[in-house]
Structures are given as C-alpha cells and as structure tokens.
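Residue-level listing of the chains:
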Amino acid sequence: MAILKQYLALCWFQSNPLALPRSVDFFKQNFWFYYIVEFFIQVNMVDDPVESFYEVSLETALTFLFIAIMLILNKSLYAFIQTSTAFLFCENVVAIFVVPVIVWLTTTDDALSYYTFAALALWQYALIAYLIQRILSVNLSAALVLSFLYFMVTYGGAFALAQVI
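About the thresholds
- Residues numbered from 1 in each chain as written.
- Predicted model: local features only at pLDDT ≥ 70, side-chain atom pairs only at ≥ 80, totals over all residues.
- Heavy atoms only, no water.
- Helix = DSSP H or I, 4+ residues; strand = E, 2+ residues; numbered from the N terminus.
- Buried < 20%, exposed > 50% of the residue type's maximum accessible area, 1.4 Å probe, protein only.
- pLDDT = per-residue confidence, 0-100.
- Phe/Tyr/Trp six-rings, centres within 6.5 Å; stacked < 30°, edge-to-face > 60°.
- Axes fitted to C-alpha atoms, helices over the stretch in contact; angles between N-to-C directions.
- Parallel < 35°, antiparallel > 145°, perpendicular 65-115°, else oblique.
- Left-handed = near helix turned anticlockwise from the far one by under 90°.
- Contact = heavy atoms within 4.5 Å.
- Nonpolar A, V, L, I, M, F, W, Y, C, P; charged D, E, K, R; others polar.
- Polar contact = N/O pair within 3.5 Å; in protein donor to acceptor, adjacent residues only side chain to side chain.
- Patch = residues over 30% accessible without salt bridge, like charges linked within 9 Å, V, L, I, M, F, W, Y side chains within 5 Å.
- Areas by Shrake-Rupley, 256 points an atom, 1.4 Å probe, with all protein chains shown as cover.
- Salt bridge = Lys/Arg side-chain N within 4 Å of Asp/Glu carboxyl O.

Caption draft 1: Local environment of unusual backbone geometry. A positive phi is found at Asp109, a non-glycine position, where the angle reads about 60°. Structurally, Asp109 can be placed in the loop between helix 4 (80-108) and helix 5 (111-136). A residue is classified by how much of its surface remains accessible, and Asp109, at 51% relative accessible area, is exposed. One non-glycine residue, Ser137, lies in positive phi territory at about 55°. Here Ser137 is to be found in the loop between helix 5 and helix 6 (140-164). A relative accessible area of 65% places Ser137 in the exposed class.

Written out as structure tokens, the structure is:
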C-alpha cells in the first residue's frame with residue numbers, strides 16, 4: 001500500500017519518478033491492469049477481439065520501446081522499471097476515470113461526456129509531459145513535444161500497424 005501512495009503522488013504532479021522505489025512486482029501488476037483496461041476499451045470501440053488484442057499488444061510494445069529509446073538516449077536505462085511503472089501507473093489512474101466516461105459517452109452522447117473525456121485526455125497528456133520532464137530533466141516545452149510524440153508513436157503507431165496486420 002505504501003508503494004501505491006508513493007506512485008499516486010505522480011498523478012498530482014508531486015513526486016519524481018526516478019526517486020520512487022523499483023518494484024518488479026508492482027510493475028507487473030500495473031502492466032496487467034493496463035493491458036486489461038486497454039483491451040476492454042479497444043473491444044468496445046472495435047468489436048473485434050482479435051484486432052483489439054493486436055492493437056493493444058502493439059500499443060504496449062510501442063510504449064515500452066518509446067520509454068527504452070528515451071532512456072537510452074538519456075543514458076539512464078537503469079531506470080526502466082521505475083519509468084515504465086510510472087507511465088503505466090499514471091495511465092491506469094486516468095483509465096479508471098476514462099472507462100465510465102467512455103460508457104457514458106457511448107450510451108448517452110451527452111455533450112458533458114465529451115468535455116469530461118477531453119479533460120481526462122488533457123490530464124493524461126499533462127501527466128506524461130510531467131513524467132518526461134522529470135525523467136529527462138528537460139524544460140516544459142520539450143516535455144510537451146515529447147509527450148505529443150509519445151502519444152503519436154504509441155496510439156497512432158499501434159493503430160497504423162494494426163491496420164497493416
């Protein structure tokens with residue numbers, strides 16, 4: 001429970017992901033939660049479990065690849081577990097709020113559901129930018145650009161690769 005509280009501070013932009021404890025077990029738990037939630041979201045959007053499986057697998061692989069390349073270029077690959085856990089944990093926290101909003105959005109088509117979804121997407125974007133800024137020690141502008149690149153590579157790349165497969 002203590003490790004959960006330490007990682008939860010990331011979601012409020014309060015801690016440094018490199019200073020958090022390295023726990024392979026916590027990483028695995030976050031990985032499986034992330035994978036299951038992303039799969040649930042994809043199945044509800046695509047209606048083809050096989051295509052959803054490929055897309056979520058590609059998305060997860062591209063996430064880890066992006067983090068690894070970012071850390072290799074920064075000469076800090078030693079922090080892969082903490083960094084990956086921080087990325088997955090923040091995405092999981094946002095996903096806890098996104099799943100009900102997606103259900104609300106698809107069932108009612110209410111304008112407020114779109115605004116709520118947009119706010120959660122902005123929070124996720126800001127979280128990834130914050131993580132990148134703290135991990136790489138770059139300024140906010142660079143972190144925002146890298147965050148945008150992260151989303152393009154992971155989500156856009158997974159979608160493009162899934163269409164090819």
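Caption draft 2: Spotlight on the confidence of the model for the protein. In the predicted model, the protein carries a mean pLDDT of 93, and 100% of its residues have values of at least 70. Across the protein, element-level confidence peaks in helix 5 with a mean pLDDT of 96 and bottoms out in helix 2 (residues 24-46) with 91.

Caption draft 3: Examining the packing of aromatic side chains more closely. One pass over the full model with this rule turns up 19 aromatic pairs. Centre to centre, the rings of Trp12 and Trp123 are 5.6 Å apart; their planes meet at 15°, and the pair counts as stacked. Note that Trp12 is positioned in the loop between helix 1 (2-8) and helix 2 and Trp123 in helix 5, a separation of 111 residues in sequence. Owing to a relative accessible area of 16%, Trp123 belongs among the buried residues under this scheme.

Caption draft 4: Highlighting the packing of helix 3 (residues 49-73) against helix 5. Where helix 3 meets helix 5, the axes come as close as 11 Å, and the angle between the chain directions of the two elements is 30°. When the axis of helix 3 is compared with that of helix 5, the two are roughly parallel. As helix 3 packs across helix 5, the resulting crossing turns out to be right-handed. Contacts from Phe66, Met70 and Leu71 in helix 3 reach Ile132, Ile135 and Leu136 in helix 5. Here the residues of the contact of helix 3 with helix 5 sort into six nonpolar, no polar and no charged.

Caption draft 5: Broad picture of the side chain of Thr83. Residue position: Thr83 is located in helix 4. A distance of 2.8 Å separates a polar side-chain atom of Thr83 from the backbone oxygen of Ala79. Thr83 has contacts with Leu18, Ile67, Met70, Leu71 and Ile135, leaving out every residue within four places of it along the chain.

Caption draft 6: Seen up close, a nonpolar patch on the surface. Taken together, Val50, Phe53, Tyr54 and Ile165 make up a surface patch of nonpolar side chains, about 420 Å² in accessible area. Tracing the sequence through the fold places Tyr54 in helix 3.

Caption draft 7: Structural view of the environment of Ser84. Examined against the element boundaries, Ser84 turns out to sit in helix 4. In this structure the C-alpha to C-alpha distance between Ser84 and Pro17, which are 67 residues apart in sequence, comes to 9.5 Å. Excluding residues that lie within four positions of it along the chain, Ser84 makes contacts with Phe27, Phe64 and Ile67.

Caption draft 8: Representation of the packing of helix 5 against helix 6 within the structure. Relative orientation of the contacting elements helix 5 and helix 6 amounts to 120°, with a least axis distance of 8 Å. With respect to each other, helix 5 and helix 6 are oriented oblique. Classified by chirality, the crossing of helix 6 by helix 5 is right-handed. Residues Gln124, Tyr125, Ile128, Ala129, Ile132, Gln133 and Leu136 of helix 5 form the contact with helix 6, whose participating residues are Leu140, Ala143, Leu144, Leu146, Ser147, Phe148, Tyr150, Phe151 and Tyr155.

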